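Breakdown of the fold
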Amino acid sequence: MLFKEVIYLMQKDFLLELRQKYAFNGMLLYVSSTVFVCYLSFGLRSNVLQVPVWNALFWIIMLFTSVNAIAKSFMQENRGRLLYFYSIVSPQGIILAKILYNACLMLVLALICFVFYAFVLGNPVEDIPMFLLSILLGAIGFATSLTMISGIASKAANSSTLMAVLSFPVIVPMLLMLIKMSKNAMDGLERAASLDELLTLLAINMIVITVSYILFPYLWRS
Amino acid sequence: MKKNWWKILTVLLLVFTVAVGMLSDVPRLAILNETIRNLYFHVPMWFGMILILLVSVVYSIKYLRKPSVRNDVIAHESAKVGILFGVLGIVTGMEWAKFTWGEYWSNDPKQNGAAIGLLIYFAYLVLRSSFAEQQQRARISAVYNIFAFAALIPLLFILPRLTDSLHPGNGGNPGFNAYDLDSSLRMVFYPAVLGWTLLGVWIINVKSRLELLRQRLYENV
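Residues numbered from 1 in each chain as written. Chains lettered and ligands numbered in written order. Predicted model: local features only at pLDDT ≥ 70, side-chain atom pairs only at ≥ 80, totals over all residues.

**Observations concerning helix H3 (residues 69-100) of chain B**
With 32 residues, H3 of chain B extends 46 Å from end C-alpha to end C-alpha; this agrees with the ideal 46 Å at 1.5 Å per step. Looking at the residues trailing H3 of chain B, positive phi occurs at Gly-102 of chain B, about 95°. (Helix = DSSP H or I, 4+ residues; strand = E, 2+ residues; numbered from the N terminus. Expected span 1.5 Å × (residues − 1).)

**Thoughts on the packing of helix H3 (residues 51-75) of chain A against helix H7 (residues 159-187) of chain A**
Any two packed helices are characterised by how steeply their axes cross, that is the angle between the axes, and by the distance between the axes. Residue and element names in this part refer to chain A. One way to put it is that H3 packs onto H7 with a least axis distance of 9 Å and a crossing angle of 145°. At the point where H3 passes H7, the crossing takes the right-handed sense. Between H3, through Val-51, Pro-52, Asn-55, Ala-56, Trp-59, Leu-63, Val-67, Ala-71 and Met-75, and H7, the contact on the second element is made entirely by Ser-159, Ser-160, Met-163, Ala-164, Ser-167, Ile-171, Leu-175, Leu-178, Ile-179, Ser-182, Lys-183 and Met-186. Looking at the contact of H3 with H7 residue by residue, the class counts come to 15 nonpolar, five polar and one charged. (Axes fitted to C-alpha atoms, helices over the stretch in contact; angles between N-to-C directions. Left-handed = near helix turned anticlockwise from the far one by under 90°. Contact = placed C-beta atoms within 7 Å. Nonpolar A, V, L, I, M, F, W, Y, C, P; charged D, E, K, R; others polar.)

**Topic: the packing of H7 of chain A against helix H8 (residues 195-221) of chain A**
Residues and elements named next belong to chain A. Viewed as axis vectors pointing N to C, H7 and H8 meet at an angle of 155°, and their least axial separation amounts to 10 Å. Classified by the angle between their axes, H7 and H8 sit roughly antiparallel to one another. Crossing of H7 against H8: the hand is left-handed. Facing Pro-173, Met-174, Met-177, Lys-180 and Met-181 of H7, the residues of H8 in contact are Glu-197, Leu-198, Thr-200, Leu-201 and Ile-204. Each residue belonging to the contact of H7 with H8 can be placed in one class, and the counts come to seven nonpolar, one polar and two charged. (Parallel < 35°, antiparallel > 145°, perpendicular 65-115°, else oblique.)

Given below as structure tokens:
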């Protein structure tokens, strides 16, 4: 039952996205212009940026992209539609569908961002599969924690400020792990070296999903 | 008198902590020297903060199960006292770090984790202040409070242990129990933890009673 609901709600989100191309195109432009601004402001030809700087800059762009992309997930729904959902589906279905949808959206955005970023600023990554794995985990992690936060922020009056204030501290542990893991991948260290970070990231994701699953019904009621 | 015995206990424990903590013999150790006495002030702050924030989370859960003004007020006041303990913990920790590690802030994972943890709870206060309606504010901040606590635990207890840290008990360093050969530190440390935590509970008790009275006054005016 829950599974069916999740599938339906995700279908609805994808369909809306396909018809309106609202969030996706906007975010695409956001990503490309941010990368281009970075390129211009460093004022350099490719392959001159140091590895830690490249890595940090990439994850900062990812962080802002995801905050902006996911902030829309509850704010764009109008009041009538929310009431309609309230009467026909369970809150657990809604939060899971939103998390999955946002994870897919973030994954696509992150991959595009990585390709464009590597194209413009050079690609010093040595172990690309491992780096892609860290992007995958990052997309899922950002989607899980930010979806819940955007649900909280959308209830308040000044929701866009609140979104940033609430999400940055919560997301920092995840970001630190991701930066370390992708740094390992960039230096081409053996993969066992990143196992600790990988497991911690998975554990943090599990905690966040469980807590969101339990808490969202209370948020939804208001 | 029967109900207030723990307040007397708090006063006695804190007097004991300050007097004995400042005057008693401590192990002579290089680098640490006399700053080891900070063990009775810095470490209990974090113990107290975690316990008091746990109280806050428990009352937030109670609020979600059974909404009442009392549960909300206690959750809010204990979060504030938890933040106070956290700030004191970070200040005493910086002071200690100046004398042992050489810098007030040396970009240590434990220090950064504590700072981010405080930011999470400052965000809680900002969130609370952005709702006008009382019930909505109570419910949504309860949800965030539980969420924040779940995010705080890995930040303070798991991440610093995975990386290199100067802080005792992290990154392969021994904890303080390794220096405490004849248990003389423990004699003061445990009463100190209990005393400071009870003081926090006392503050919560007084402040939430005051807040409840104030709300009742507003209702009647």
